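Structural overview for review
Chain by chain, the residues:
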Amino acid sequence: MKIWTMPALLLLAACGGGDERSDAEDAAAPATPADVPNTEVDADLRTAKEEASTNPASDPVAGAGAAIPAAIRGRWALNTADCTAKKGADLTAVTIDATNLRFYESHGELARVREGGANRLVADYRFSGEGQEWDRRIELALADGGKMLVRRDMGEGAAAGAMRYTRCAG
């Protein structure tokens, strides 16, 4: 009986697919950043950024004319005193136009709209500021009859919870 089992085991071993690592070794092997993205959001942002850089026609902003809804555009501040503060002293203010979010020390450019409506937008932005660059998915939604802007950041490094901005006059 042993004579028949040895060739069978050799045949099975030969059909193993060429991967010499066992399941136990696979489970013990550390994952590398290339193997596992930090989050689904970060992976999607990287993909969108790569597609846009290699094929500008595939960039949803350039190709489809996507923009931040008009109702969301304007100047907003977490601290209402920053609405009237001098430029450079308005630390919590953000100015929003059709494709940009401009903060005190950073700037986010609209890269890809995920969901949208007249009073709400979920989109990916390419940020730069203080010598760094990063991607972030952000939800912007109007509340209180358009007097308040609720911002929720998503993904690695995002602020926890929602931020509530007041619309600045003018």
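See above for the structure.
Structural notes, computed from the coordinates. (Residues numbered from 1 in each chain as written. Predicted model: local features only at pLDDT ≥ 70, side-chain atom pairs only at ≥ 80, totals over all residues. Heavy atoms only, no water.)

**Examining the sheet that holds strand β1 (residues 74–77)**
The sheet built from 8 strands closes into a barrel, its strands ordered β1-β2-β3-β4-β5-β6-β7-β8 with antiparallel pairing. Direction aside, the axes of adjacent strands within the sheet are offset by 35° on average. (Pairing = 2+ DSSP bridges. Helix = DSSP H or I, 4+ residues; strand = E, 2+ residues; numbered from the N terminus. Axes fitted to C-alpha atoms, helices over the stretch in contact; angles between N-to-C directions.)

**So, the pattern of salt bridges**
Applying the stated criterion across every chain yields a total of 8 salt bridges. For the salt bridge of Glu 115 with Arg 120, the shortest nitrogen-to-oxygen distance reads 3.0 Å. Among the residues examined, Arg 120 registers a relative accessible area of 32% and is labelled partly exposed. One salt bridge in this structure joins Arg 151 and Asp 153, with 2.7 Å as the shortest N-O distance. Classification of Arg 151 by relative accessible area gives buried; the value is 12%. With a relative accessible area of 11%, Asp 153 lands in the buried category. Here the salt bridges share partners, and the residues they tie into one network are Glu 115, Arg 120, Glu 139 and Arg 152. (Salt bridge = Lys/Arg side-chain N within 4 Å of Asp/Glu carboxyl O. Buried < 20%, exposed > 50% of the residue type's maximum accessible area, 1.4 Å probe, protein only.)

**Thoughts on unusual backbone geometry**
For Glu 130, which is not glycine, the phi dihedral falls at a positive 50°. Residue position: Glu 130 is located in the loop between β5 (120–129) and β6 (132–143). By relative accessible area, Glu 130 is classed as exposed at 60%. Unlike most non-glycine residues, Asp 144 shows phi in positive territory, near 50°.

**Topic: the pairing of strand β4 (residues 107–116)**
Note: strand β3 (residues 100–102) against β4, 3 bridges, orientation antiparallel. If you follow Asn 100 over to β4, its bridge partner there is Glu 109. Taking the residues that link successive antiparallel strands as the turn, the β3-β4 hairpin has 4 residues. Of the pairings in the sheet, the one linking β4 to β5 comprises 8 bridges and is antiparallel in character. Residue pairing in the sheet places Val 113 in a bridge with Ala 123 of β5. Between β4 and β5, which pair antiparallel and follow one another directly, the connecting turn spans 3 residues.

**Structural notes on the environment of Gly 131**
Take Gly 131: it is sitting in the loop between β5 and β6. In the structure, Gly 131 is positioned 25 residues away from Ser 106 in sequence and 9.5 Å away in space, judged by C-alpha atoms.

**Quick look at the state of the cysteines**
Throughout the structure, instances matching the rule amount to 1 disulfide. With its sulfur 2.0 Å from that of its partner, Cys 83 forms a disulfide with Cys 168. Because the torsion about its S-S bond is -75°, the bridge between Cys 83 and Cys 168 counts as left-handed. Residue Cys 83 is found in the loop between β1 and β2 (93–96), and its partner Cys 168 is found in the segment after β8 (163–167); the two are separated by 85 residues along the sequence. Each member of the pair Cys 83 and Cys 168 is classed as buried. (Disulfide = S-S within 2.5 Å.)

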